[in-house]
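Close look at the chain arrangement
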Amino acid sequence: RVVSSAVTHVGHVRATNEDSLLDVPPIFLVADGMGGHNAGEVASAIAVEEFEKLTIQENVTVEQLGEALRSAATRIGELGGESTLGAGTTVAVVATMVLDGVGYWVVLNLGDSRVYRLSGEIFEQVSVDHSVVQELMDRGELTAEQAKIHPYRHMVTRALGAGPESDPDYWLIPAEAGDRMLICSDGLTGEVDDTAIERLLRSPADVRTVSQDLVGRALDGGGHDNISVVVVEAVEVVGQSRVAENTTSRSGAAPQDDMFEIDEDTLPRALREGGGESR
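Quick caveat, the model's predicted, so the values are computed rather than measured.

A short note on unusual backbone geometry
A cis amide bond links Pro-25 with the next residue in sequence, Pro-26, at an omega value of 10 degrees. Along the chain, the position of Pro-26 falls in the loop between β2 (19–24) and β3 (27–34). Of note, Asp-100 is a non-glycine position whose phi angle comes to about 50 degrees, a positive value. Here Asp-100 shows up in the loop between β5 (91–99) and β6 (102–110).

Following this line, the structure appears as structure tokens:
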């Protein structure tokens, strides 16, 4: 059982908001569209539509998540209008799942929208960015500070419906009561560092206030891009005692304000050489 809140804002620079959100248990999703006005909006909306079909059930499977992703990719690929040529979107998903009587978080990531987890003393970025600068950092050719100003910082190496590859990474993580999961577009992480994100997630405030505060911090930082966040908190987790008995580490990862619009495993595969799509 979870409580959640989703907030999106166009930012201070962009004329339109190409992000789309889904905040309906058991699926929580941020999709950051690319390809320009209309193209990005359409692609991210399609991603939401396909995953929303899974919200009529209480539990989902990894196979169903993969099928929703493939259906969205097919639909985006079939877009034929001039305004939608080159349409694509990132997708970051957190789903709640019960396996063998135990509650889990399932994380799916494609692109550079991110998923963070706060669990007790642990704060971590679960997802791995599929981006040019992340690959350069992994090879030791770029520092985190240099990545923030690199000219290719907005280029992704995987996306849904755009670019050469659209295979996501998945993580399966035992859930604990009190966990907070954050799904966000790079409009947040481009303006707010991880230290500030952790501090806001640790706030005793409810998830709605936390989500608003995260977006507000990104706007204060410049708001150069669309900003979208979904914050999900586990209130009650089935089978939690069984997990505690069999787990030695808490980290189970295989690795009202008028300015807001409020909507009420496997390890990552080896990083590839190659270019990306710019957003």
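A few points about the side chain of Ser-185
Tracing the sequence through the fold places Ser-185 in the loop between β11 (180–184) and α5 (186–189). Here Asp-19 takes part through its side chain, which lies 3.3 Å from a polar atom of the side chain of Ser-185. Looking at Ser-185, its side chain comes within polar contact range of the main-chain oxygen of Asn-226, at 3.5 Å. Once residues lying within four places of it in the same chain are set aside, the contact partners of Ser-185 are Asp-19, Val-30, Asp-32, Ser-113, Asn-226, Ile-227 and Ser-228.

Remarks on the environment of Val-106
Secondary-structure assignment places Val-106 in strand β6. C-alpha of Val-106 to C-alpha of Thr-61: the two residues are 45 residues apart in sequence and 9.0 Å apart in space. The contact partners of Val-106, leaving out residues within four places of it in the chain, are Val-62, Leu-65, Val-93, Val-94, Ala-95, Met-97, Trp-171 and Leu-172.

Focus on the pattern of salt bridges
Under the definition given, this model contains 11 salt bridges. Among the ionic pairs, Glu-67 bridges to Arg-70, the shortest N-O distance being 3.3 Å. Taken together, the residues span about one helical turn, with Glu-67 and Arg-70 both in helix α2 (residues 62–77) at a distance of three residues. Ionic pairing is found between Arg-180 and Glu-233, a salt bridge with its closest N-O pair at 2.8 Å. In this pair, Arg-180 is assigned in strand β11 and Glu-233 in strand β12 (residues 227–234), connecting sequence segments 53 residues apart. On the accessibility criterion, Arg-180 (7% relative accessible area) is buried. One salt-bridge network, in which partners are shared between bridges, spans Glu-49, Glu-50, Lys-53 and Arg-75.

Side note on helix α7 (residues 207–220)
Taking 1.5 Å of rise per residue, the 14 residues of α7 would be expected to cover 20 Å, and the 20 Å separating its terminal C-alpha atoms lies within 8% of that figure. When we look at burial in α7, the residues that qualify are Val-207, Val-210, Ser-211, Gln-212, Leu-214, Val-215, Gly-216, Ala-218 and Leu-219. Two residues or fewer after α7 comes Gly-222, characterised by a positive phi angle close to 140 degrees.

Overview of the confidence of the model for the protein chain
Per-chain confidence: the protein chain averages 83 in pLDDT, with 74% of residues scoring 70 or above. Every residue in residues 242–279 is under pLDDT 50, and counting partners more than four places away or in other chains gives 105 contacts.

A closer look at the packing of aromatic side chains
Aromatic ring pairs: the centre-centre distance and the angle between the two ring planes describe each pair. Counting across every chain of the model gives one aromatic pair. Between the aromatic rings of Tyr-116 and Phe-123, the centroid separation amounts to 5.5 Å while the plane-to-plane angle is 5 degrees, which identifies the pairing as stacked.

Details of the pairing of strand β7 (residues 114–119)
The buried count for β7 comes to six of six residues, which makes it a mostly enclosed element. Pairing geometry for β7 and β11, over five bridges, is antiparallel. In the sheet register, Arg-117 faces β11, and the bridge partner there is Met-181. Across four bridges, β7 lies against strand β8 (residues 122–125) in antiparallel orientation. Across the sheet, residue Leu-118 finds its bridge partner in β8, namely Phe-123. The loop that links β7 with its antiparallel partner β8 comprises two residues; one of these, Gly-120, has a positive phi angle of about 60 degrees.

So, how was this worked out
- Residues numbered from 1 in each chain as written.
- Predicted model: local features only at pLDDT ≥ 70, side-chain atom pairs only at ≥ 80, totals over all residues.
- Heavy atoms only, no water.
- Helix = DSSP H or I, 4+ residues; strand = E, 2+ residues; numbered from the N terminus.
- Polar contact = N/O pair within 3.5 Å; in protein donor to acceptor, adjacent residues only side chain to side chain.
- Contact = heavy atoms within 4.5 Å.
- Salt bridge = Lys/Arg side-chain N within 4 Å of Asp/Glu carboxyl O.
- Buried < 20%, exposed > 50% of the residue type's maximum accessible area, 1.4 Å probe, protein only.
- Expected span 1.5 Å × (residues − 1).
- pLDDT = per-residue confidence, 0-100.
- Phe/Tyr/Trp six-rings, centres within 6.5 Å; stacked < 30°, edge-to-face > 60°.
- Pairing = 2+ DSSP bridges.

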